Amino acid sequence: MSGAPHPEPSPAPLPVAEVERQVGEVPDPELPMIGLGDLGVVESVAVADDGNLEVAILPTFLGCPALPAITASVREVLVRCGHPEGRVRHVLAPAWSSDRISERGRTALAAHGIAPPAPSDAPEPVRLGLGTPCPYCGSLATRPHSAFGPARCQSMLHCAGCRETFPLMTAM
């Protein structure tokens, strides 16, 4: 007996669909109430030309400071799913837009006090004289408070109805 530890065998590789499901459940570091899939940042999970699994991630914001944490978390999923040689690639096309957020994701954001952006084809609320609905009381009597929010992809609004300040997920 050599006494040297034996490396643990890698688990059998899981199918692409299961890896994609698990990657989609990884919480966003800045919005932990929503998974990467519901946020719409997972562009694809596929076998690359070299036979290794590749996950393409669309950043919500150019220069997003959460990308290193997202990449590390997705790499952990790849290893756990039996794809240790898998890789994460950041892609800018097609550009991420808030239209990619699922209904489940929009509901989770609102439940945590973050106003989800309206779909891009919705009428512009400011032009109609109405604000973004407050996630706390539903009032449309909201106005911009600050262009800077808790994350680079958020701004702050103030509700005249309940007097709460809340973040708005910035539409890209």
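Residues numbered from 1 in each chain as written. Predicted model: local features only at pLDDT ≥ 70, side-chain atom pairs only at ≥ 80, totals over all residues. Heavy atoms only, no water.

1. Describing the sheet that holds strand β6 (residues 165-169)
Strand order across the open sheet formed by 3 strands is β4-β5-β6, with antiparallel pairing between neighbours. At either end of the open sheet lies a strand with only one pairing partner, and these are β4 (142-146) and β6. Each strand of the sheet is rotated relative to its neighbour by a mean of 45°, with strand direction disregarded. (Pairing = 2+ DSSP bridges. Helix = DSSP H or I, 4+ residues; strand = E, 2+ residues; numbered from the N terminus. Axes fitted to C-alpha atoms, helices over the stretch in contact; angles between N-to-C directions.)

2. What to know about the nonpolar core
For soluble globular proteins, nonpolar side chains are generally found buried alongside one another. Counting residues in each nonpolar core, the largest one holds 32 residues, and the members touching the most others are Leu39, Ile57, Val74 and Met169. Secondary structure elements with two or more residues in this core: α1 (16-24), α2 (36-39), β1 (42-47), β2 (53-57) and α3 (67-80). The element that contributes the greatest number of residues to this core is α3, accounting for 5 residues. Setting aside anything within four residues of it in sequence, one finds Val74 in contact with Val23, Leu36, Val55, Ile57 and Val88. Listed in part, the 6 residues of the second largest apolar core include Cys134, Leu157, Cys159 and Phe166. (Core = buried A, V, L, I, M, F, W, Y, C linked by side-chain atoms within 4.5 Å. Buried < 20%, exposed > 50% of the residue type's maximum accessible area, 1.4 Å probe, protein only. Contact = heavy atoms within 4.5 Å.)

3. Quick notes on the UniProt feature "domain: PaaD zinc beta ribbon" (unreviewed entry) in the chain
In the UniProt entry, the feature "domain: PaaD zinc beta ribbon" (unreviewed entry) is given for residues 131-168. Here residues 131-168 is 0% helix and 39% strand, with 11 Å between the C-alpha atoms at its ends. (UniProt positions renumbered as here; feature names shortened; annotations may be inferred.)

4. Section: the sheet that holds β2
If you walk across this open sheet you meet the 3 strands as β1-β2-β3, and the pairing is mixed. Looking at strand neighbours, the two that pair on one side only are β1 and β3 (87-90), the edges of this open sheet. Strand after strand, the sheet turns through a mean of 20° between neighbouring axes, direction not considered. Pairing geometry for β1 and β2, over 5 bridges, is antiparallel. For Ala46, the partnering residue across the bridge sits in β2 and is Glu54. Across the face of the sheet, α1 comes into contact with β1 and β2 while running at roughly 150° to β1. Packed on one face of the sheet, α3 meets β2 and β3 and runs near 150° to β3.

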